[in-house]
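Here is what each chain is made of, one letter per residue.
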Amino acid sequence: MTTLTIDHVSRWFGNVVAVNDITMTVGPGVTGLLGPNGAGKSTLIHMMGGFLAPSTGSVTLDGQPVWRNEQIYKRIGVVPEREAMYDFLTGREFVLANAELHSLGAKAAQRALATVEMEYAQDRKISTYSKGMRQRVKMASALVHDPSLLLLDEPFNGMDPRQRMQLMELLRRMGAEGRTVLFSSHILEEVEQLASHIEVIVAGRHAASGDFRKIRRLMTDRPHRYLVRSSDDRALAAALIADPSTSGIEVDLAEGALRIQAVDFGRFTALLPKVAREHDIRLLTVSPSDESLESVFSYLVAA
């Protein structure tokens, strides 16, 4: 049973706070680290893997500090998002080099390459690999010493659907075996398919924690904002404001539209066309104005 504990961890670079007072525990199974690009996921993973010191707080693996503890690397495998690889090596040479750093040999390297189904390309130079193939050979390198903790930073980037399914199945199997697996992603659907537990971070802060049903519910139940143009904005606003599904309506003269905040998503989407029909109002534009990942996640921080 391998447990990673992040205790009030912060990390700043000059005046920029990348991670802000995060506390969480990552245990056996598959955990998804979810957040928009720039949220601080990579910085947090670097601290979890012992490659970056926290400015404050601590990261421990089964009670042992991760930072400046070289013995911990026998138990940790890391797949970084960045491509820093030796393109002049073949895939087999690259994985073997990491095996030798762990005092292992060719058998361990071959086993890791087989695990990620890269044997067919093991003697090609990495410079000829696609993005998805590079991801898989990095995965083989991280698995070569059979770690109990695996940290993956956006591991599905660049993979085709078949490669993605193969990696998901591998990670599910590792989680079922009792290993502790954490992977980061900015795509909720990707995390839903794989993770039994989700940790959400936004702008360096811990925003939410739970299974995907809880996280999905938090996102769905948040206030939704719409930009609506119609043949009679004022009459439409008067008809909608009386309903409890809306919490605020603003007439935007510059846009020639209404800005509506809906607190009951399902009720509002059924109400809007009904009210327009009853008052003989034509709906010209109905568009969500806050559907970016950043706005959705930011709501979780403020909630």
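Structural notes, computed from the coordinates. Source: prediction; values computed, not measured.

1. Here's the deal with the overall build of the chain
Link 1 in the chain: Scanning the chain from N- to C-terminus turns up 10 helices and 14 strands.
Link 2 in the chain: Counting only C-alpha atoms and orienting by the principal axes, one finds that the chain spans roughly 75 × 40 × 35 Å.
Link 3 in the chain: Split into buried and exposed, the 303 residues of the chain put 48% on the buried side.
Link 4 in the chain: Long-range contacts, defined here as pairs at least 24 residues apart, represent 67% of the contacts in the chain between residues at least 6 apart.
Link 5 in the chain: Carbon together with sulfur atoms contributes 52% to the accessible area of the chain, which is approximately 14600 Å² in total.
Link 6 in the chain: Placing the 34 positive and 36 negative side-chain charges of the chain at their respective mean positions leaves the two points 3 Å apart.

2. As for the sheet that holds strand β4 (residues 56-61)
Link 1 in the chain: Pairing is antiparallel in the open sheet, where 4 strands are placed in the order β2-β1-β4-β5. Each edge of the open sheet carries a strand with a single partner, namely β2 (16-26) and β5 (64-65).
Link 2 in the chain: Bridging between strand β1 (residues 4-13) and β4 involves 5 bridges; their strand directions are antiparallel. Following the sheet pairing, T5 is matched in β4 by T60.

3. Regarding the packing of aromatic side chains
Link 1 in the chain: Tallying each qualifying case throughout the model produces 4 aromatic pairs.
Link 2 in the chain: Taking 5.8 Å as the distance between ring centres and 25 degrees as the angle between the ring planes, the aromatic pair formed by F51 and Y73 counts as stacked. One end of the pair, F51, is in the loop between α1 (41-48) and β4; the other, Y73, is in the loop between β5 and β6 (76-79), with 22 residues separating them in the sequence.
Link 3 in the chain: On the accessibility criterion, Y73 (26% relative accessible area) is partly exposed.

4. Describing the layout of surface pockets
Link 1 in the chain: As a volume, the largest pocket reaches approximately 680 Å³.
Link 2 in the chain: Forming the walls of the largest pocket are 24 residues, and the residues nearest its centre are F51, V78, N98, L101 and S141.
Link 3 in the chain: Elements with a contribution of two residues or more to the lining of the largest pocket: β6, α2 (91-101) and α4 (131-143).
Link 4 in the chain: If one sorts the elements of the lining of the largest pocket by residue count, α2 sits on top with 4 residues.

5. A closer look at helix α9 (residues 265-278)
Link 1 in the chain: With 14 residues, α9 extends 20 Å from end C-alpha to end C-alpha; this agrees with the ideal 20 Å at 1.5 Å per step.
Link 2 in the chain: Roughly 25 degrees is the biggest bend found in α9, and it falls at L271, with proline P273 one to four residues downstream.
Link 3 in the chain: Within α9, burial applies to F268, L271, L272, V275 and A276.
Link 4 in the chain: The elements touched by buried residues of α9 are β11 (224-230), α8 (233-241), β12 (246-252), β13 (257-262) and β14 (283-288).
Link 5 in the chain: Two to three positions downstream of the cap, the backbone nitrogen of R267 sits 3.1 Å from a side-chain oxygen, assigning the N-cap of α9 to D264.

6. Quick word on the packing of helix α3 (residues 106-115) against α4
Link 1 in the chain: Axis separation between α3 and α4 bottoms out at 8 Å; the angle between their running directions is 135 degrees. In terms of orientation, α3 lies oblique with respect to α4. As α3 packs across α4, the resulting crossing turns out to be right-handed. For the pair formed by α3 and α4, the contact residues are A112, L113 and T115 on the first element and V137, A140 and L143 on the second.
Link 2 in the chain: A breakdown of the residues in the contact of α3 with α4 according to their chemical character gives 5 nonpolar, 1 polar and no charged.

Criteria and cut-off values
- Position numbers for residues start from 1 in each chain and track the written sequence from start to end.
- Per-residue local features are limited, in this predicted model, to residues with pLDDT of at least 70; the limit for side-chain atom pairs, both in listing and counting, is 80 or more; totals at the level of whole chains, interfaces and linings are taken over all residues.
- Excluded from the side-chain calculations are hydrogens and water; all other atoms, namely the structure's heavy atoms, are used.
- Segments assigned H or I by DSSP are reported as helices when at least four residues long, segments assigned E as strands when at least two residues long, and all are numbered from the N terminus.
- Here the term buried applies to any residue with accessible area under 20% of the maximum for its type, exposed to any over 50%, and partly exposed to those in between, with areas from a 1.4 Å probe on protein chains only.
- Contact between two residues is taken to exist if any of their heavy atoms lie within 4.5 Å; hydrogens are not considered.
- Values of accessible area rely on a 1.4 Å probe in the Shrake-Rupley scheme; residue burial ignores everything except the protein chains shown.
- Neither His nor the chain termini are counted; the positive set is Lys and Arg, and the negative set is Asp and Glu.
- Note that the charge is assigned to NZ on lysines, CZ on arginines, CG on aspartates and CD on glutamates.
- Should DSSP find at least two bridges between two strands, the strands are regarded as paired.
- Only rings of Phe, Tyr and Trp enter the pairing, Trp through its six-membered ring, and a pair is recorded when the two centres are within 6.5 Å. The plane angle decides the type: under 30 degrees is stacked, over 60 is edge-to-face, the rest tilted.
- The definitions used throughout rest on a 1 Å grid laid over the protein atoms alone, on which a cavity is an enclosed set of points accommodating a 1.4 Å probe that cannot get out and a pocket is an open set flanked by protein within 12 Å on both sides along at least five of seven lines; lining residues are those having an atom within 4 Å of a point.
- Grid points are joined across faces, edges and corners, and a volume is the space filled by probe spheres set on the points.
- Here a helix's expected span is defined as the number of its residues, less one, multiplied by 1.5 Å.
- Note on bend: at a given residue it equals the angle between the axes fitted to the 7 residues ending there and to the 7 starting there.
- As used in this structure description, the phrase polar contact means that two N or O atoms lie within 3.5 Å; if the pair is within protein, one of them must be able to donate a hydrogen and the other to accept it, and residues adjacent in sequence are counted only when both atoms belong to side chains.
- In this description, a line fitted to the C-alpha atoms serves as the axis of each element, helices being fitted only across the stretch in contact, and the angle between N-to-C directions of two axes falls anywhere from 0 to 180 degrees.
- When describing relative orientation, an angle under 35 degrees is termed roughly parallel and one over 145 degrees roughly antiparallel, while 65 to 115 degrees is termed roughly perpendicular and anything else oblique.
- Note: crossing handedness is left-handed where the near helix turns anticlockwise from the far helix by less than a right angle, and right-handed where it turns clockwise.
- Note on residue classes: Ala, Val, Leu, Ile, Met, Phe, Trp, Tyr, Cys and Pro are nonpolar, Asp, Glu, Lys and Arg are charged, and everything else, Gly too, is polar.

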